[in-house]
Amino acid sequence: MKNYLTIRELLKNEQSLEEEISNFSWRWQKYLKNTSLSITYKFPIQYFEAEFKALTAYFLPEMYWPTILKKKKSFSSLKDFWSFLPAELQGHLNWELPEWIRIISFLASPTKMGTQADRYPEMYDIISPYLDQGFKLLDIGCGTGQGTCALFQKLSRQFHTFELTGRTLEALDVYWAQKQINYSYPKFEYPKVIPNYKQKLLFEQQDILDFDEKERWDLIICNGLLWGPAMNENKSKYVLNLMLNGLKENAYIYLENDFHEGFQYPNLNDLIFDFPIKVVLQKGGKAFIQKSKLPSI
Ligand SMILES: C[S@@+](CC[C@H](N)C(=O)[O-])C[C@H]1O[C@@H](n2cnc3c(N)ncnc32)[C@H](O)[C@@H]1O
């Protein structure tokens, strides 16, 4: 099993995650104190870095380490490492879990803004007439979940009972979404939402290529994933088929890609051509489709 999948278990039990991080942090902090080594050149930075990266891999699959962790071959010293951290977290190693999340958010992508999308409210106008009380809605590739929360906010004003689940690849994103905190830029607040046992909001880590549910969902939305850099044509078709299998009969899929030149080439018709669906709406980078019979694949 790939390393990063084990985070599922850790996220379910925050205490064990906390223990893992705290063992790491305190052990290295103690090392720093006991040895009183010059931090500039004697600290065994390569061992520290290897362990740090292994822990980080719980949160970020390697292909999604877009910036510092990937580009920088290695840190030359602890001082060098600290220089990449937010100022308030430099100079020590005994970080608490939220600080640790902030550090890897920064190192993974200092520019990571979260998905502060106005797209979701607009999508709400399209999908909400097709939803009935009690619906189950899945958001695939929800990223940091700010858009999912914005959608939840709108839905919760209209529907008293429903379940909205966001799934995405990076456990780090799941963590942000569950906490509703933007760890790179805490001042960018999430839409305020308070789920309850009737209006449920869940965030889970999953590689959509592992999706294998059958006839469970009333609506699946997927924004900025199909036709993006993570999904070529074959993968996009494969995933669309998985989604159709996951839908109840006559249920809906909303696809959108306003990112990455989405749906321009090959165009959406190429994507949906082979599938048993009805097109409810298709406009620019948006497609709202209905499953019309069981997929044949
Ligand atoms: C461009 S972002 C869009 C985020 C959000 N849906 C929005 O519209 O703001 C695409 C997201 O899909 C996630 N992703 C990429 N490959 C994935 C996969 N195989 N399974 C699940 N999510 C994936 C990425 O990590 C990223 O968060």
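Residues numbered from 1 in each chain as written. Predicted model: local features only at pLDDT ≥ 70, side-chain atom pairs only at ≥ 80, totals over all residues.

A. Highlighting helix H8 (residues 146-158). The first and last C-alpha atoms of H8 sit 19 Å apart over 13 residues, in line with the 18 Å expected at 1.5 Å per residue. Close packing links the buried residues of H8 with helix H7 (119-127), strand E1 (136-140), strand E2 (162-168), helix H9 (171-179), strand E3 (199-205) and strand E4 (217-223). (Helix = DSSP H or I, 4+ residues; strand = E, 2+ residues; numbered from the N terminus. Expected span 1.5 Å × (residues − 1). Contact = placed C-beta atoms within 7 Å.)

B. Quick peek at the environment of Phe275. Position of Phe275 among the secondary structure elements: in the loop between helix H11 (268-272) and strand E6 (277-283). Note on Phe275: 18 C-beta atoms within 10 Å, which makes it partly exposed. In the structure, Phe275 is positioned 38 residues away from Lys237 in sequence and 9.1 Å away in space, judged by C-alpha atoms. (Buried ≥ 20, exposed ≤ 12 C-beta atoms within 10 Å, placed from the backbone.)

C. Quick peek at the nonpolar core. Counting 40 residues, the largest nonpolar core has Leu219, Ile220, Leu226, Ile253 and Tyr254 as its most contacted members. For this core, the secondary structure elements donating two or more residues are H7, E1, H8, E2, E4, helix H10 (233-246), strand E5 (247-256) and strand E7 (286-291). Sort the elements by how many residues they give to this core and E5 lands first, with 6 residues. Residues within four places of Ile220 in sequence aside, it is in contact with Leu138, Ile140, Met243, Gly246, Leu247 and Ile253. Trp100, Ile104, Ala171 and Phe203 belong to the second largest nonpolar core, which has 25 residues in total. (Core = buried A, V, L, I, M, F, W, Y, C linked by C-beta atoms within 7 Å.)

D. Representation of unusual backbone geometry within the structure. Phi is positive for Gln180, which is not a glycine, with a value near 50°. Mapped onto the secondary structure, Gln180 falls in the loop between H9 and E3. A count of 18 C-beta atoms within 10 Å places Gln180 in the partly exposed class. The phi dihedral of Glu215 falls on the positive side, at around 45°, and the residue is not glycine.

E. Molecular detail of the confidence of the model for the protein chain. Across the protein chain, the average pLDDT comes to 83, with 82% of residues at 70 or higher. Per-element confidence in the protein chain is highest for E1, whose mean pLDDT is 97, and lowest for helix H1 (residues 7-12), whose mean pLDDT is 53. (pLDDT = per-residue confidence, 0-100.)

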